[in-house]
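Summary of structural features
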Amino acid sequence: MPLVDLFTFTRAELTSPVQFIGGRWVVSAYDDVRAVLADPVTFLPDNALTAVTPVAPAALRALVRARFSLPPTLANNGSSSHADLRRLVASFFTPARVAAAEPRIRSLVSERLGGADLVRSLAWDLPAIVLMDLLGLPNVDIPTLKRWSTGSLEFFWGDITRERQMELVDDVGDFHQWLIKRYHAREGELFCALADAGVSAEDSAGLCYFLLIAGQETTTQLLSTALRRALQDRSLWARLPEPGVAESFVEDVLRTETPVVTWRRLTAREVVLSGVRVPAGAELVLLLSGKESDPRHLAFGYGRHFCLGAGLARLEAAVTLRTVAEHEPSLRLAGPEPEWLNLLSFRAPKSVAVTR
């Protein structure tokens, strides 16, 4: 089956909790997905950041010239070095630091009210600004960071042509080189902490490459999805300013329509999942978006690779929904069905057009 099948299937089309689609094994049952994520020895994270579409030779040469690399650091790291690196990064996402960001988030939302497209006016750059604040990274050109990060998502998680790879590869390389330069200049708290801990420039760039993408792009997607879905329910929109309503709604979105729809693992040995025998070396695609009957959601993963930014994403989404609903109770969806981001692991509306 072609690779594109992985990008178009829906849960309703799956006929088995473990199904072979597009050369990969799709695992959809909650208990199976949780068990896979909980066992990094049997189910390796090595392929978490591997390009879904094989990198063409010309694009690969461009990456080599840029000295691009994604060494095992966080999401793709199954080695003993993972714990120390994770502990260092986690120090920037403590509950106290995240909670302290709430006034800044609320202020940024208030500044962005009034736009005709809530993605472009609000969700697009707010998470990136908040993340740079939290990581202590000053003087970041946010539009350039967003171009690099959206292009990188498409390059690594998209079903794209060789021509499209070549259109994106320079931005991928430029982003990596920018990270190397910031590390050597010790520009920002995060890079100083990495250098002080003895983390090499190459490992620091690899770690920050994904951290600076995932730490804000997935929140942009969550905000876009949550805003659109909330505006489809007038009763809910009216109740969002009430205590706890926005937080509960965010959890429901994460459970049933999380923007991070899949994640990947490799089998270290032959395994049996839901009665299906899966060979060693098989690539698994894990469905993170669940059903109402699932006991909890897995939108942020599970186990040793649980998302470090989960608390921040939850806070940004709840504060954004509550603030917009408070100030714009008459807001309504407008226009036709939006175009959607449709990558292997990421789905979200690219626009949320509104009228007042």
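A brief structural summary. (Residues numbered from 1 in each chain as written. Predicted model: local features only at pLDDT ≥ 70, side-chain atom pairs only at ≥ 80, totals over all residues. Heavy atoms only, no water.)

Concerning the pairing of strand β7 (residues 283–287)
Burial analysis of β7 places five of its five residues in the buried class, which makes it a mostly covered element. Going residue by residue along β7, you find Glu283, Val285 and Leu287 tucked away on one face and Leu284 and Leu286 tucked away on the opposite face as well. The pairing of strand β4 (residues 262–267) with β7 spans five bridges and is antiparallel. Following the sheet pairing, arginine 265 is matched in β7 by leucine 284. (Buried < 20%, exposed > 50% of the residue type's maximum accessible area, 1.4 Å probe, protein only. Helix = DSSP H or I, 4+ residues; strand = E, 2+ residues; numbered from the N terminus. Pairing = 2+ DSSP bridges.)

Some points on the environment of serine 235
In this structure, serine 235 sits in helix α13 (residues 234–239). Taking relative accessible area as the criterion, serine 235 reaches 46% and is therefore assigned partly exposed. Each C-alpha atom of the pair serine 235 and proline 95 lies 32 Å from the other, and the pair is 140 residues apart in sequence.

Observations concerning the side chain of threonine 267
Mapped onto the elements, threonine 267 comes out in strand β4. Residues contacting threonine 267, with those up to four places away along its chain left out, are Thr42, Phe43, Val278, Pro279, Ala280, Gly281, Ala282 and Leu284. (Contact = heavy atoms within 4.5 Å.)

Quick word on the pattern of salt bridges
Within the structure shown, the criterion is met by 22 salt bridges. For the salt bridge of arginine 106 with glutamate 102, the shortest nitrogen-to-oxygen distance reads 3.4 Å. In this pair, arginine 106 and glutamate 102 are both assigned in helix α6 (residues 102–111), four residues apart and thus about one turn of the helix distant. The class for glutamate 102 is partly exposed, based on a relative accessible area of 26%. Note that aspartate 171 is salt-bridged to arginine 147, the shortest N-O span being 3.2 Å. Of this pair, aspartate 171 sits in helix α10 (residues 162–185) while arginine 147 is found in helix α9 (residues 142–157), placing the two residues 24 residues apart along the sequence. Each of Arg24, Arg264 and Glu283 takes part in one network of salt bridges that share partners. (Salt bridge = Lys/Arg side-chain N within 4 Å of Asp/Glu carboxyl O.)

Here's the deal with helix α4 (residues 82–90)
Residues His82, Leu85, Arg86, Leu88 and Val89 constitute the buried set of α4. Along the long axis of α4, the arc covered by the buried residues comes to 160°, so they all point the same way. Set apart from the buried face of α4 by more than 90 degrees, the exposed residues are Asp84 and Arg87. Looking at the buried residues of α4, the elements they touch are α11 (189–196) and α12 (201–231). (Arc of directions from axis to C-beta.)

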